[in-house]
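Descriptive structure summary
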Amino acid sequence: MGYSHLFNSLRSLKVPTTRLHKCFGVTKRAAYSVLANTSEARVHVGINDLSVGSEYEGFQVKSIQEVQDLALTAVRLSHLKTGADYLHIAREDSNNVFCVGFRTTPKDSTGVSHILEHTVLCGSKQYPGRDPFFKMLNRSLSTFMNAMTGPDYTIYPFSSQNSKDFKNLLSVYLDAVFYPQLRELDFLQEGWRLENENPLSQETPLQFKGVVFNEMKGAFSDASYGLNQHVMRNLLPSHTYGNCSGGDPPKILDLTWQQLKDFHAKHYHPSNSRFYTYGNMPLKEHLQFINQNYLKSFEKIAPSEEVPNEKRWSQPRRINIEAREDPFATNPEKQTSAVVSYALSDINDLYETFVLQILGELLTGGPNSPFYHNLLEPNIGTGYSPVTGFDSHTKDTTFTIGLQGIHSKDVDKVLGIIRSTFEEVARTGFPAERIEAVLHSIELAVKHQTSNFGLSMAMNLTPLWNHGSDPVEALYINSKVEKFRQNLHENPDYLKNKVRQYFIDNTHQLVAVMQPDKEFETKLEQEEKSILEAKCQSLSEEDKTLIFAKNQELIAMQNNVNDTECLPTLQLSDISTQAERVQLDTVKLLGVPVQVAVQPTNGITYFHGVLNTSGLPEKLKIHLPLFCMAATKMGAGDMDYRQLDQQIEHKTGGLSFGLHLTEGPGSVQSYEQGIAFSSHCLDRNLPDMFQLWQSIFNRLRLVDENRLETLIRNLVGDLGNSLTHSGHHFAMTHAGSSLTPTAHLKELDEGVTYIRRVKAIAETNQFEPLLECMHEIAKHVLVKNNMRCALNMTADSQEEATKHLEAVQRTHYVLPVPVNFTSKVVPGAPYLSSDFAPLRVLAGIMSSKFLHPEIREKGGAYGGGAAASATGLFSFYSYRDPKSLETVDTFDRAVEWALKANYNEEAIKEAKLRVFQKIDAPTPPSGKGMRLFLSHISDEQFAAQRQQLIDVTKDDLVRVCQDYLRQPAVHGVTIIGPPNDITTRDPSWNVEFS
Ligand SMILES: [Zn+2]
């Protein structure tokens, strides 16, 4: 129906090459290494006059290596006085990165490394005011700021495109890790403490509080997190991995303030540190700052101990794990998980790690892999256990395979299939085209430019660098591919032998069976209660008074509007007043509008399209999300789903189909609803990629009921996991769902309502009716008249929905987890409204000055804040929150607080910087022009929005707070969390059990 012609024309679309130069002229961030194609170009950004062996600022240069595959030059240095290790990656990229990491190897499960990671950010020698880290979030244009605790390392990374900002953050980060204050009050706030239920009354009973304590209670409420922890601790039990580095909640209560300080002194020392910098800023300036202000004043100590390899077992082992019941199990009988985990190679053998990564993908990735075929397709469970796959974080790498959502009587069957599948693969090996497809995806991944390249590199290199490997060695990917091809060529049994060695003959394997326990929650509560009783019994009246007094001190500290004067900051004048303009062309091909952006995409073509679905009958619209999920996974043309998947993997970076919903920038009542589809490929595969799309559009195969069942069952499993993982998104989506037509659609298409609908379909065990609906959808939607497209490439290659409006909607989704996700949503303003900019700034100021201190610091939740979005909604939320209704009151108090406007100009400036951090985040070449294509916001409108943000005044903030938040005509409140007496008794609450 005309598609062949369209895709043929798209494939031959050529853009005049003269465009390229113009394009660089306007692109501030032409950064994205055009150099990757010009192999002779050596990347010298910021390292011009360095040579091996020479010394700079107390550092000696150990090596300078060019990695052409990634268009970068890597410089290794060592700090002479302390032995600190340093890796600099020079690359033509303006999104510069810094990261400092330490090997941290706790010997218990008190969460000491995790609590230390939190507390060092609470205040330091040069920045003694409370919480400089969170304060800096509002004084910077960083594109990323965070800290992470791994099983045996702790890292502190940030990234920024602004050199003044980079220096500010460098100073705050280094002062935090080397000279933190680690005050007792910081430990009590972030770790754990006893506090009276009503903190202002000593008569009320004591209870446990603390940010990490609650964070970890929340983490363990996620069954897949618990499974992962148990598997690692039991597979590698004899050293640090035998403990929970994040902290096991009852064990956290054993940690003392002194132990925290000792752990810092031992581990956060330059002699145990690894520094990483990335980007186009000059290396010498980094070295000078780090040496002069920090490293110079330290003496060398012994670095923290190395983690040994686990001694290999002669016998497999088996463990049983209890878990919380899964409220989303489609069949309550089927809630068991069974997995087998294997200890494999030493992480320092980089080539072996590379081979095992490929092997892991071959074994489990996509419908052509043996485990997908043998384990998933018989529909015994609801999909792979989320711990499935190859993992190279620990000293011994590991591989885990298993199923979730199975019947307890099927455990042995699953274990049998796992064994026999390995035996089958050791006999037959893998088809050559599968191996080619996996190697192709590696080639594509190396060339694909992302805006956080430097940051992901830091995260990927940390685990192996932490164990003493040369991180630069890991960057030579093409040479590893060549060696791999060579090995395969010389020995056709190469991979079969690996399977035999690592899986069949490997006795270091752990079987883990996880089963639900009705009493799970009660047992945990009991345990906490008995620890509380024991602690309380040992307290004298005097102790209790001391505890009360200490908490008063903490409250006073939290209430103190502390001075941030000593912290460095950016000014609004540091924000570029020019918004980037992207040069776009629009052409019409056979009536289809095509937007073209010429960009330095490194030999990859990016294709985007939108199909309008407004003409689709209502009864079919409800199934659009499932249609999108299944469209590229069912087969097309002459290919069944396996053959289609093989082609997609071999020729493209994947074909994606998803729902597209955008509000008109001028009004929240108007919107575009449709399907967004996209893909990318190496330029040489362009004809094949369009051939694939052509098959999908013309000849989608929607016939295989069994296949659809597998997809739906896996989806239910995934959705259940994501609800316990990011409940605040579901709470916000639901709380806003009655306020605008698009918010209503979002709830239907991706909210809790959607999860319940998919679960209901799975429970019927009838998939034929759904297949028929999908047929109808394909007929209506996959039509050329509904389509518009966009290509990013290099030069050489409404009323209906408003009827659901209700004045107030309060819903409590009861989930058996120990923490809450809460949200309140009110109508805001659309993108083009002059009120949108002040609402964004208001959300920023409320988050940092009121909601964060109240909900996280005082309330003990993991997070909380407010957001104004272009969807025309203003949302409040909290995340992993021990409180529920109190937090909803806090949202209301935030409005009263904002109306009083008791904050200064500095606070307004910080809130503006916070907004600019988000909107000026770097865009990779593949994303240029997507704001216009997907959201209909032009560069002019974007520039106007930036100016409006800069111009926002205090009066504007008070005005929009009064107009939108004070007494909204409608609002929605949603809590996702444990049962609660008040909502159960109060009839204005709609209480839903899953
Ligand atoms: Zn944490």
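Note that the structure is predicted; figures quoted are calculated from it, not measured. (Residues numbered from 1 in each chain as written. Predicted model: local features only at pLDDT ≥ 70, side-chain atom pairs only at ≥ 80, totals over all residues. Heavy atoms only, no water.)

**Here we look at the overall build of the protein chain**
Along the protein chain, the regular secondary structure elements total 37 helices and 30 strands. Taken against the 2.2 N^0.38 rule, which gives 30 Å for 994 residues, the C-alpha radius of gyration of the protein chain at 28 Å falls within 12% of a compact globule. Counting all 994 residues of the protein chain, 60% fall into the buried class. When the 97 positive and 116 negative side-chain charges of the protein chain are each reduced to one mean point, those points stand 2 Å apart. (Helix = DSSP H or I, 4+ residues; strand = E, 2+ residues; numbered from the N terminus. Rg over C-alpha atoms; globule rule 2.2 N^0.38 Å. Buried < 20%, exposed > 50% of the residue type's maximum accessible area, 1.4 Å probe, protein only. Lys, Arg positive; Asp, Glu negative; His and termini not counted. Charge placed at Lys NZ, Arg CZ, Asp CG, Glu CD.)

**Some details on the packing of helix α15 (residues 432-447) against helix α23 (residues 641-651)**
Look at α15 against α23: their axes get within 7 Å of each other, and the N-to-C directions meet at 40°. With respect to each other, α15 and α23 are oriented oblique. α23 is crossed by α15, and the crossing has left-handed handedness. Contact residues: Glu433, Arg434, Glu436, Ala437, Val438 and His440 in α15; Gln646, Glu649, His650 and Lys651 in α23. Residue composition of the contact of α15 with α23, grouped by class: two nonpolar, three polar and five charged. (Axes fitted to C-alpha atoms, helices over the stretch in contact; angles between N-to-C directions. Parallel < 35°, antiparallel > 145°, perpendicular 65-115°, else oblique. Left-handed = near helix turned anticlockwise from the far one by under 90°. Contact = heavy atoms within 4.5 Å. Nonpolar A, V, L, I, M, F, W, Y, C, P; charged D, E, K, R; others polar.)

**Quick word on the coordination of the zinc ion**
Those donors, His114 (NE2), His118 (NE2), Glu215 (OE) and Glu215 (OE), are the protein atoms that reach the zinc ion, and they lie 2.1 to 2.6 Å from it. Binding-site remark: the zinc ion is held by donors from one chain whose sequence spacing is H-x3-H-x96-E. A residue pair is termed long-range when its members are at least 10 positions apart, and His118 in helix α3 (residues 112-119) and Glu215 in helix α7 (residues 211-220) qualify at 97 residues. By the burial criterion, His118 is buried, and Glu215 matches it. (Donors = N, O, S within 2.8 Å, 3.2 Å for Na, K, Ca; no water.)

**Regarding unusual backbone geometry**
The residue Ala901 is not glycine, and still its phi comes out positive at about 50°. On the secondary structure map, Ala901 appears in the loop between α32 (885-900) and α33 (905-919). Although it is not a glycine, His936 sits at a positive phi angle of roughly 60°. Position of His936 among the secondary structure elements: in the loop between α34 (930-935) and α35 (939-951).

**Looking at the packing of aromatic side chains**
In total, this model carries 44 aromatic pairs according to the counting rule given. Centre to centre, the rings of Phe133 and Tyr173 are 5.9 Å apart; their planes meet at 55°, and the pair counts as tilted. Taken together, the residues Phe133 in helix α4 (residues 132-136) and Tyr173 in helix α5 (residues 163-178) connect sequence positions 40 residues apart. This pair shows no difference in class: Phe133 is buried, exactly as Tyr173 is. An angle of 80° between the planes, with centres 6.0 Å apart, marks the rings of Tyr156 and Tyr268 as edge-to-face. Within this pair, whereas Tyr156 is found in strand β8 (residues 153-160), its partner Tyr268 is found in the loop between α10 (257-267) and β11 (273-279), the two being separated by 112 residues in sequence. (Phe/Tyr/Trp six-rings, centres within 6.5 Å; stacked < 30°, edge-to-face > 60°.)

**A word on the sheet that holds strand β12 (residues 317-323)**
The five strands lie next to each other as β12-β16-β13-β15-β14, forming an open sheet whose pairing is mixed. The open sheet has two free edges, formed respectively by β12 and β14 (389-391), since each of these has just one partner strand. Looking at each pair of strands side by side, their axes are set apart by 25° on average, direction ignored. Across seven bridges, β12 lies against strand β16 (residues 509-516) in parallel orientation. Within β16, the position partnered with Ala323 by the bridge is Pro516. (Pairing = 2+ DSSP bridges.)

**Regarding the domain arrangement of the protein chain**
How big an interface is tends to be expressed through the accessible area that disappears when the partners come together. If you check the domain split of the protein chain, you get domain 1 (61-306), domain 2 (317-516), domain 3 (588-793) and domain 4 (806-993). One C-alpha centre belongs to domain 2, the other to domain 4, and the line joining them spans 40 Å. Each partner contributes to the interface: domain 2 provides eight residues, whereas domain 4 provides eight residues. Overall, the association of domain 2 and domain 4 removes approximately 510 Å² of surface from exposure, summing both partners, and the carbon and sulfur fraction of that is 72%. One can count zero salt bridges joining domain 2 with domain 4. Where domain 2 packs against domain 4, one counts zero residue pairs in polar contact (both at pLDDT 80 or more). Its residues placed into classes, the side of domain 2 that touches domain 4 shows two nonpolar, four polar and two charged. (Domains from an automatic or database assignment. Buried area = accessible area lost by both parts, 1.4 Å probe. Salt bridge = Lys/Arg side-chain N within 4 Å of Asp/Glu carboxyl O. Polar contact = N/O pair within 3.5 Å; in protein donor to acceptor, adjacent residues only side chain to side chain.)

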